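# Examination of the molecular architecture
What follows is each chain in one-letter form.
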Amino acid sequence: MAKKNHIHMYELITLKASGRKVFKCMLVDCTHYLPERELVIGRKSLCHICKEPLVMTREHLEIKKPVCEPCRDIRAKRREAMIAVGRGGELLEEADAD
Ligand SMILES: [Zn+2]
Ligand SMILES: [Zn+2]
């Protein structure tokens, strides 16, 4: 069974049957998900990079793998560097793997 007392690590997934996007917890054995994306606002989620808790906001609704602000900054810098060497596309696709 799923552990009850943990902070979920939300990931935006697309339901194949309806094509709807919902946030689901990606931790092993946890089947928790939110039927409406907006419900995630104000909830805690674990950052996909550093695994520290962050509070979900409206800004996170379109982000497949939510990350905390420090990690987002680091990633933005990395992306700029990648684009600078002409590999920006690769990095963007990484976040989209199913
Ligand atoms: Zn969970
Ligand atoms: Zn982080």
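Data block above holds the structure.
Residues numbered from 1 in each chain as written. Chains lettered and ligands numbered in written order. Predicted model: local features only at pLDDT ≥ 70, side-chain atom pairs only at ≥ 80, totals over all residues.

### Section: the overall build of the protein chain
- Across its full length, the protein chain carries two helices and five strands.
- Tracing the protein chain from N to C terminus, the helices and strands come up as β-β-β-β-β-α-α.
- Residue burial in the protein chain is summarised as follows: out of 98 residues, 14% are buried.
- Across the protein chain, the fraction of contacts at a sequence separation of at least 24, relative to all contacts at a separation of at least 6, is 29%. (Helix = DSSP H or I, 4+ residues; strand = E, 2+ residues; numbered from the N terminus. Buried ≥ 20, exposed ≤ 12 C-beta atoms within 10 Å, placed from the backbone. Contact = placed C-beta atoms within 7 Å.)

### Focus: the pairing of strand β2 (residues 21-25)
- Both strand β1 (residues 10-14) and β2 contribute to a ladder of five bridges, which runs antiparallel. In the strand pairing of β2, Ile13 is matched with Val22.
- In this structure, the hairpin formed by β1 and β2 is closed by a connection of six residues, where Gly19 is found at a positive phi of approximately 75°.
- Taken together, the two bridges between β2 and strand β3 (residues 33-34) define a ladder with antiparallel strand orientation. (Pairing = 2+ DSSP bridges.)

### A look at the sheet that holds β3
- Judged by pairing direction, the sheet is antiparallel, and its three strands sit side by side in the order β1-β2-β3 without closing on themselves. In this open sheet, the two strands that pair with only one neighbour each are β1 and β3.

### A short note on unusual backbone geometry
- One non-glycine residue, Asp29, lies in the positive phi region at around 75°.
- Among the structural elements, Asp29 can be located in the loop between β2 and β3.
- Overall, Asp29 belongs to the exposed group, with 9 C-beta atoms counted inside 10 Å.
- Although it is not a glycine, Lys51 sits at a positive phi angle of roughly 65°.
- Within the fold, Lys51 resides in the loop between β4 (44-46) and β5 (53-55).

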